[in-house]
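# Structural features, examined
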Amino acid sequence: MPLNKLDSIIKNTEGRILYVSPSDLDSTDSISNQGNSLARPFKTLQRALIESARFSYVVGNNNDETEKTTILLMPGNHVVDNRPGYSIDSTGTITSADGTALRPLPLSLDSVFDLTQKDNDLYKFNSVYGGVIVPRGTSIVGLDLRKTKIRPLYIPNPTDDDVTNSAIFRITGACYFWQFSIFDGDEFGTVYTQNDNFELKSSPTFSHHKLTVFEYADGVNEVATKGVTDLAMYYAKLSQAYGDGSGREVDASDIFPSNKDGFSALRPEFEIVGAFAADPISIEDIKSGDGSTPTKRITVTTQGPHGLDVGTPIRIKSVSDFQYNVSTRVTEVSTISDNIFFYNISSDPALITPQLTSEGTVTIETDTVSGASPYIFNCSMRSVWGMNGMLTDGSKATGFRSMVVAQFTGVSLQKDDRAFVKYIPSSRQYENTFYSAGATQTGSSLSSKSSSTGTVYHLDSDAIYRKGWEQTHIKITNDAIVQVVSVFAIGYNKHFEAQSGGDASVTNSNSNFGQLSLISE
């Protein structure tokens, strides 16, 4: 059968499955390839992820698709360039990690998708904090857990306090991860170590304790003075990138910043499972139409900022005209006031009281299955340099802020002798004669000085982890919730840790070796 006919048979035009095979002779990340044919897969996972986001786009506001695409990873070594990406502010100005103002990022046949190139175009779509964003509930499925290997290209410098913690994947609601293994950076190559200087590289034979495999993409908090959340930046950059040169341009009416709701983050991506609020919101004014001529469009003014978004499920209660009291969804949020939102009724507006004041409440309805937790299932992490498994930080999401993890086996040893201190009875202090805290090392010294020339601290049973150099397999913070099933943690400083209201349901799991099994603060 001719190849073009075979290709038409195995290609899915809707983008339901995208293929990634770095060693395939016909694989290419070219913008002309959509990756939806097994006969022409992508070379990199990152190229597949931005194409997954593009397939989810639908012309118009707040109507893009979620939970649409599965990315199938063929066996092989999958390198991820997880450096901090470009930022974009509310005016559309794009800035690189070192603060340089840049032009927009149009994708074309001339785009550089080769991850071996420092100035490749793929990393620029990453989170500004580092980490590849997994959008719209995309699934990443490996074909063979043992032979499908993922390695990072960015390991934050553990000796430099100005370099903050980072992640490999920044995940969103309803994402699914299955059957692949995550490893340390390739010791036969080099990795980036600084968040704002990509000239400095090192062999990755140093502590990875500042790197976590899975963490939320922040869809709640605006980045510094940018006026845009990290997750919103991702779609803002993509709306500009998919222009004429891509062959799959985003409609001109949906390009950021002229339209911030066209190709943008959707609630199920950061409102995990569903909306949640402890208290009802009091209504100051509720009216049908303009308040004199009633229509099916209802305007609600609350006594304070309501914090609702388009699509939030709500219940209107205790309004004297019962026709206002419905279970519905927010259809629009005012751009003028934080106290005003809109919803629709289905009954005859002619029978409704046009306007009422100081009546009723708005309650967010939690009975929903429209969203879902990110789910990590049957994956492995194998690290000898202290990488972290999963961080569920509730401050970066809303709703129930949950993750589900099952059979995510983590082995995280630590061979960097700088990561340990030993108690010296004569001085009554914990010391490391090989390395002192605050001694920043970069380049070749960062990797070459991880092995002590004297006491081999990482093999000394009397040594403990240095404060700030610890690693954890499953960490839950800021009122997040995690369901942990059949998770084995091996060798970590902390295996399961909950802080600041973190909640974990742990079943059939195990802690082996390491230092501390269950920690709660």
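Structure shown above.
Below is a short write-up of the structure. Note that residues are indexed from 1 along each chain, following the sequence as it is written. Since the coordinates come from a predicted model, pLDDT governs what is reported: local features require at least 70, and pairs of side-chain atoms require 80 or more to be given and counted, while whole-chain, interface and lining totals use all residues. To get the side-chain values, all heavy atoms of the structure are used, and hydrogens and water are removed first.

### Here we look at the overall build of the protein
In this description a helix means any DSSP run of H or I spanning at least four residues, a strand means any run of E spanning at least two, and both kinds are numbered starting from the N terminus. Scanning the protein from terminus to terminus reveals five helices and 38 strands. Computed over the C-alpha atoms, the radius of gyration of the protein is 25 Å, within 12% of the 24 Å expected from 2.2 N^0.38 for a compact globule of 521 residues. Each of the three principal axes of the protein carries a C-alpha extent, and together these read 85 × 65 × 45 Å. Counting over 521 residues, the protein shows a buried share of 54%. Intrachain contacts of the protein at a sequence separation of at least 6 include 71% that bridge at least 24 residues. To get the radius of gyration, use the C-alpha atoms; to get the globule rule, take the number of residues to the power 0.38 and multiply by 2.2 Å. Any residue under 20% of the maximum accessible area for its type is buried, any over 50% is exposed, and the rest in between are partly exposed; the area is computed with a 1.4 Å probe on protein chains only. Here, two residues are considered to be in contact whenever any of their heavy atoms come within 4.5 Å of each other.

### Considering the packing of helix α2 (residues 45–56) against helix α3 (residues 230–241)
Whenever a helix is involved, its axis is fitted only over the stretch in contact; in every case the axis is a line through C-alpha atoms, and angles between N-to-C directions fall within 0 to 180 degrees. One can describe the packing of α2 onto α3 by two numbers: an axis separation of 11 Å at closest approach and a directional angle of 85°. Looking at the two axes, α2 sits roughly perpendicular to α3. Packed against α2, whose contacting residues are L49, I50 and A53, the element α3 presents Y234, Y235 and L238 at the interface. Here is the rule for angles: anything less than 35 degrees is roughly parallel, anything more than 145 is roughly antiparallel, 65 through 115 is roughly perpendicular, and the remaining ranges are oblique.

### Notes on the nonpolar core
One recurring pattern in soluble globular proteins: nonpolar side chains tend to sit buried together. Among buried residues, the Ala, Val, Leu, Ile, Met, Phe, Trp, Tyr and Cys ones that are joined through side-chain atoms within 4.5 Å form a nonpolar core. Ranked by size, the top nonpolar core spans 48 residues in total, and within it F169, F177, F214, I376 and I474 carry the most contacts. With residues up to four places along the chain from it excluded, the contact list for F214 reads F169, I171, F177, F180, I376, G389, M390, L391 and F408. Ranked by size, the runner-up nonpolar core spans 36 residues in total, among them Y57, Y86, L115 and Y123.

### Section: the side chain of N388
Within the element layout of this structure, N388 appears in strand β26 (residues 388–393). Nitrogen and oxygen atoms within 3.5 Å of one another constitute a polar contact, given that in protein one can donate a hydrogen and the other can accept it, and given that sequence-neighbouring residues count only through two side-chain atoms. A distance of 2.8 Å separates a polar side-chain atom of N388 from the backbone oxygen of H209. When residues no more than four places from it in sequence are discounted, the contact partners of N388 are H208, H209, K210, L211, T212, V213, M381, E470, Q471 and T472.

### Considering the sheet that holds strand β6 (residues 101–102)
Taking strand neighbours across the sheet as the criterion, the three strands line up as β4-β5-β6 in an open arrangement whose pairing is antiparallel. Looking at which strands have only one partner, the edges of the open sheet turn out to be β4 (87–88) and β6. At least two DSSP bridges between two strands are needed for those strands to be called paired.

### Focus: the packing of aromatic side chains
Ring pairs are drawn from Phe, Tyr and Trp, using the six-membered ring of Trp, whenever the two centres fall within 6.5 Å, and their geometry is named by plane angle: stacked under 30 degrees, edge-to-face over 60, tilted for the rest. Scanning the entire structure with this criterion turns up 15 aromatic pairs. Seen in terms of ring centroids, Y435 and W469 are 6.0 Å apart; in terms of plane orientation they differ by 65°. Their pairing is edge-to-face. Remark: W469 occurs in the loop between β31 (463–465) and β32 (472–477) and Y435 occurs in the loop between β30 (429–431) and α5 (443–448); sequence separation between them is 34 residues. Aromatic rings pair up to connect Y57, Y234, Y235 and F263 into one cluster. Here, a charge over a ring is recorded when the distance from Lys NZ or Arg CZ to the ring centre is within 6 Å and its angle to the ring normal is within 35 degrees. It is R83 that lies over the ring of F198; its NZ or CZ is 4.5 Å from the centre. Sitting over the ring of Y192, K201 keeps its end group 4.5 Å from the ring centre.

### Details of the state of the cysteines
Pairs of cysteine sulfur atoms within 2.5 Å are identified as disulfides in what follows. Within the structure shown, the criterion is met by zero disulfides. C175 takes part in no disulfide bond, and the closest cysteine sulfur, belonging to C379, lies 12 Å away. Residue classification places C175 among the buried residues on the basis of a relative accessible area of 1%.

### Considering the environment of G394
Tracing the backbone through its elements, the reader meets G394 in the loop between β26 and β27 (398–399). On the basis of relative accessible area, G394 is assigned to the buried category, the value being 1%. Separated by 285 residues in sequence, G394 and L109 place their C-alpha atoms 40 Å apart. The contacts of G394, once residues within four sequence positions are left out, are R401, T477, N478 and A480.

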